[in-house]
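Coordinate analysis (summary)
So the chains spell out like this:
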Amino acid sequence: MKVNRRNFIKLSAVSGLFVAGASQTKPMLNAFTKNTEAAAKNEPQGEWIASTCQGCTAWCAVQVYRINGRATKVRGNPNAKANHGHSCVRSHLALQQVYDPDRVKQPMKRTNPKKGRDEDPGFIPISWEEAMDIIADKIMDLRKRNETHKFSVWRGRYTALNGILYGNMPKIIGTPNNVSHSSICAETEKHGRYYTEAYWGYADYDHENAFYELMWGADPIASNRQVPHTASLFGKLKDQAKIAVVDPRLSTTAAKADEWLPVIPGEDGALAIAIAHVLLTEELWYKPFVGDFKDGVNRFVAGRTVNEEDFEEIQTYGLVKWWNIALKDATPEWAAERSGIPAEQIYRVARDFGRAAPRAISFMSPGSNMVVRGGYTAQAMAALNGLVGSADNVGGVICGGESCPVNSFPDFEKYIDSIAANGNSMPRADFGGRKLEMPAMNAGNSGGIKPTNTIADSILNEDPYSLEVVMSYWTNFNYSNQGTDRWDEALAKLPFMVHMTLNPAEQTHFADIVLPVPHHMFERLSAVRGSNGNLYRHCHIQNEIIESPFDVRIDETEVPWMLGEALERKGFSNLIDYFRNEFVDPETGKKPTNGKEFNEIATKIYTQPLWDPTIEKQGDVINGWEEYKKIGTWNSIPYRFRQKWNGNWGTETGQFEFYSETLKKALEAHAERHNVNVDKVMEATNYTARGELAFVPHYEPAYRVGDENEYPLIFSDHRSKLNREARSANTSWYQEFKDADPGDEAWDDVAKINPIDAKKLGIENGDMIKITSATGSITVKAKLWEGTRPGVVTKCYGQGHWAYGHIASLDRKKQIARGGNNNTILAPVHEALSGSGARHGGQSRIKIEKV
Ligand code: SF4
């Protein structure tokens, strides 16, 4: 490595190159200590600079207080409407991330060719030039063999500029294998909305005007993506509305709710279907939206079929079919047997929910439907908004509307040569669509989703071929996917992997090249476009607020630029030609000459419609690029309700669909692709539905891995209000305040067991226990807690890092984790219709033993 003066100063400013000496000392929480000497001398006290938090997918506009070149505080950006000018508690943890002494500080390469958890990678520092040359050689080797499809880009947390590294670059190199992390997180809830009202995305909620909120596994004042929006209005909501939370765990929101329904994990669908049954039998559906019987006489009587001709629908389609196929026998008493919730409570919630129509919200979250058989559960939860007329209505749920007016990146087709075209035409490595058992349908398209967790199987089985060269950024797939052990095996088998990462992580341990990246909130310029929040669309800026103390390059732009230059040196100039020729500064007309300029020009191209006052749009008018960077956000006008009413739902019928012709068409297309019928698709995807049941929201019994006799308890995974997508575990604030999660403890990782179960097992508070599933085992501390439903063990996701840093681990050098990673005991199963990882719904049975 060439150590120049800049590098030397940077490297001297922090302790160690990569892994400093192990220490278990708890750092002091003194980051905000006042500099009284400076204040007394009246020295400049700094300024607030706009940026964006990406601690979760809310993507809130924030401001960072910079003083003497250092970021010291974070707050919500008062100019932002989607998050009410507020940020949540997790945003502050970013300060400890950016100054984490465990961060990767310069490029490194592996010297030990053997890979495995027990192998020391033997990383040594190298220059950026050497790193790029090594990667370029690997890509050129694939080109020589006409096998560029064996190149792959894996994407974790990203910004609007991902269209370069993740979108266009793989096509120019010649691979269909750009794989996102998205299916790990949330696709099933999108499935529910798409097959009722043709919206593939996250919903927004009109809390301001709601009178009832029924939250399915959602904890939106703590860990859901809607935290600043919901928390800002929660007091008002408590005054004017009733809140019911369905969750096997007493979450932060459940503790403040009017009703807590501690459901048996994975049985939420029974509740949703029974609530629909009550709404119909008790004539509580919202007639101005749904319609009515032609003679005004309600024929929805438990156990009886209804003649379709007798009912006239207005905004909806297929209500009577739905009733006849899936609802007529689903009484609260029937649901009580399956869900573990008393029938009286189901009646009460259903009636209160119906009486609040149309200002009644069915609010679903991944916890309720990222479940093996959760696709129809998500559909049922979305359909409830149709029954009470809150879909696209005041006090209800917003699914869709126009998106932010931003530009695409320049066309790249002419830079795809014949070798790349051949690579692009090869089948994908993931299983989406090409396997009968994995329809993975994004917006109705078989294989529209790339199921992330199937990549491990693809590598292990060389199915359909072996990936050889991977560039992966802001990922940690052998930590964040279920079935972590098989990911370790797959990564050990992978011939060459580049890991672009903030912290050395579990995935880094298997890397050949490690590249340090800037922290998105403080160290790079970019933009982030969010979905609706508080009725506003928005696109925020990320500013380079501080000079990074480390030798970082921007993953999505500077790295592809340097790689383009390296490929050019080796005889392939298409990538750098595309960047040099097609990206033109919309203000100055200049073309980029280096990666930094490329990054700025790409950001300006993408956001131009937002800051160029001559471009018409419905929202803030901003006078130029510099003003946009300063304000930090663009807000649209507020959403206008009922845009989808009267035939604009976008479904096959144009109506809000209870009987989903849209899903029928999608399933039939996937079945045809594999020369089978829809029943075979149901069978292959672990669903029990056959015939017409496959096209309506219906109850599916919970799917569990592990024999009940051997594994008597059900494991339920949940989120923390402090997790920045599991990247904050190496901050002392995360550990110190971990007890902010109900039932959890500071500096620890606990499995929460109901005292009734603990007594039977002879387990006491604080005992160390081994939790074993059919997939793996972890050892953690037992916590006796009434907030967990009997028969269930709940545990927060986010601990169990063995290679993330000295705070995240008990002993980083010996790879001793603090607690256990839930993904080690969760089976690698999917909700296959959406291609989503199915980590919830009590998918794994467990046994626990004292150790
Ligand atoms: S963690 Fe999520 S909700 Fe909280 S401020 Fe950041 S982006 Fe917003």
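Residues numbered from 1 in each chain as written. Predicted model: local features only at pLDDT ≥ 70, side-chain atom pairs only at ≥ 80, totals over all residues. Heavy atoms only, no water.

**Some points on the sheet that holds strand β28 (residues 792-796)**
Basically, it comes down to this: For two strands to be treated as a pair, DSSP must find at least two bridges joining them. By the criteria applied, helices consist of DSSP H or I runs no shorter than four residues and strands consist of E runs no shorter than two, each listed in order from the N terminus. Fitting a line to C-alpha atoms yields each axis, with helices limited to the stretch in contact; the angle taken between N-to-C directions then spans 0 to 180 degrees.
Strand order in the closed barrel formed by six strands is β24-β28-β25-β27-β26-β33, and the pairing between neighbours is mixed. Direction aside, the axes of adjacent strands within the sheet are offset by 45 degrees on average. The pairing of strand β24 (residues 713-718) with strand β33 (residues 845-850) spans two bridges and is classified as antiparallel. Across the sheet, the residue bridging to I714 is R845, located in β33.

**Quick notes on the pattern of salt bridges**
For clarity, the threshold we go by: Any carboxyl oxygen of Asp or Glu that lies within 4 Å of a side-chain nitrogen of Lys or Arg is treated as forming a salt bridge with it. Residue exposure (1.4 Å probe, protein chains only): buried if accessible area is under 20% of the type maximum, exposed if over 50%, otherwise partly exposed.
Applying the stated criterion across every chain, the model contains 58 salt bridges. The partner of R145 in a salt bridge is E147, with the nearest N and O atoms 2.6 Å apart. Its relative accessible area of 35% is what places R145 among the partly exposed residues. When the shortest N-O distance is used, the salt bridge between E725 and R157 registers 2.7 Å. Highlighted residues: E725 in the loop between β24 and α27 (732-736) and R157 in the loop between β6 (151-155) and α5 (162-173), separated in sequence by 568 residues. A relative accessible area of 28% means that E725 is categorised as partly exposed. Connected via shared salt-bridge partners are D141, R145, E147, K150 and E468.

**Digging into the UniProt feature "domain: 4Fe-4S Mo/W bis-MGD-type" (unreviewed entry) in the chain**
Formally: UniProt positions are given in the numbering used here, feature names are shortened, and annotations may be inferred rather than shown by experiment.
Here, UniProt's "domain: 4Fe-4S Mo/W bis-MGD-type" (unreviewed entry) annotation points to residues 46-102. Between the C-alpha atoms that bound residues 46-102 the distance is 27 Å, and the span itself is 18% helix and 35% strand.

**A short note on the packing of helix α21 (residues 558-569) against helix α22 (residues 574-582)**
Axis angle and axis distance: for two packed helices, these are the angle between their axes and the distance between the axes, and together they describe the pair. Applicable threshold: Just so you know how the angles are binned, under 35 degrees is roughly parallel, over 145 roughly antiparallel, 65 to 115 roughly perpendicular, and the rest oblique. Left-handed is the label given to a crossing in which the near helix is rotated counterclockwise from the far helix by less than a right angle, and right-handed is the label when the rotation is clockwise. By the convention used here, residues are in contact when the closest approach between their heavy atoms is within 4.5 Å. Charged residues are taken to be Asp, Glu, Lys and Arg, nonpolar residues to be Ala, Val, Leu, Ile, Met, Phe, Trp, Tyr, Cys and Pro, and polar residues to be all remaining types, Gly included.
Between α21 and α22, whose axes approach to 7 Å, the crossing angle comes to 130 degrees. Overall, the two elements α21 and α22 adopt an arrangement that is oblique. Crossing hand, α21 versus α22: left-handed. The segment α21 lies against α22, with P560, W561, G564, E565, L567 and E568 engaging L575, I576, F579 and R580. A breakdown of the residues in the contact of α21 with α22 according to their chemical character gives six nonpolar, one polar and three charged.

**Regarding the site of the ligand**
Where we set the bar: Whether a residue is near a molecule or strand depends on its heavy atoms: it is near if one of them lies within 4 Å of it.
Surrounding the ligand, one finds C53, G55, C56, A58, W59, C60, S87, C88, R90, S91 and P228. By residue class, the composition of the shell around the ligand is seven nonpolar, three polar and one charged.

**Thoughts on unusual backbone geometry**
Put simply, A357 and P358 share a cis peptide bond, and its omega is 0 degrees. In the segment running from D463 into P464, the intervening peptide bond is cis, with an omega of 10 degrees. Positive phi outside glycine occurs at R642, with the angle close to 65 degrees. Overall, R642 belongs to the partly exposed group, its relative accessible area being 42%.

**A closer look at the sheet that holds strand β5 (residues 124-125)**
With respect to topology, seven strands assemble into an open sheet ordered β5-β4-β19-β18-β17-β6-β7, the strand pairing being mixed. The two strands at the open ends of the sheet, each matched to only one other strand, are β5 and β7 (178-180). Bridge count between β6 and strand β17 (residues 469-473): five bridges; the pairing is parallel. Bridge pairing in β17 links W154 to S472. Each of β4 (108-109), β6, β17, β18 (496-501) and β19 (513-516) touches helix α4 (residues 128-144); the most contacted strand, β19, lies at about 130 degrees to it.

**Overview of the packing of aromatic side chains**
The condition that has to hold: Two rings from Phe, Tyr or Trp (for Trp, the six-membered ring) form a pair when their centres sit within 6.5 Å of each other. Planes less than 30 degrees apart are called stacked, planes more than 60 degrees apart edge-to-face, and all others tilted.
Scanning the entire structure with this criterion turns up 41 aromatic pairs. Relative to W487, the ring of W154 lies with its centre 5.9 Å away and its plane at 90 degrees, an arrangement referred to as edge-to-face. Note that W154 is positioned in strand β6 and W487 in helix α20 (residues 484-493), a separation of 333 residues in sequence. Note on accessibility: W154 and W487 belong to one class, buried.

**A few points about the confidence of the model for the chain**
Any region with low pLDDT has predicted coordinates that should not be read closely. Put simply, the rule is: For every residue, the pLDDT score states the predictor's confidence, bounded by 0 at the bottom and 100 at the top.
Mean pLDDT over the chain: 94, with 95% of residues reaching 70 or higher. Contacts for the low-pLDDT stretch residues 1-34, under 50 throughout, to residues beyond four places or in other chains number 58 contacts.

**Considerations on the side chain of T685**
The test is simple: Any pair of N or O atoms that falls within 3.5 Å is considered a polar contact. Within protein, one atom must be able to donate a hydrogen and the other to accept it, and sequence-neighbouring residues count only if both atoms are side-chain atoms.
Mapped onto the secondary structure, T685 falls in the loop between α26 (678-684) and β24. In this structure T685 comes out as buried when scored by relative accessible area, which is 1%. At a separation of 2.7 Å, a polar atom in the side chain of T685 contacts the main-chain carbonyl oxygen of V681. Setting aside residues no more than four positions away along its own chain, T685 makes contact with L436, E437, P439, A832 and L833.

**Some points on the packing of helix α18 (residues 454-461) against α20**
Where α18 contacts α20, the axes come no closer than 9 Å and their chain directions differ by 50 degrees. As judged from the angle between their axes, α18 and α20 are oblique. Every pair of crossing elements has a handedness; the one defined by α18 and α20 is left-handed. Side by side, α18 and α20 meet where I455, A456, D457, I459 and L460 of the first sit next to R486, W487, E489, A490 and K493 of the second. For the contact of α18 with α20, the class distribution of residues is six nonpolar, no polar and four charged.

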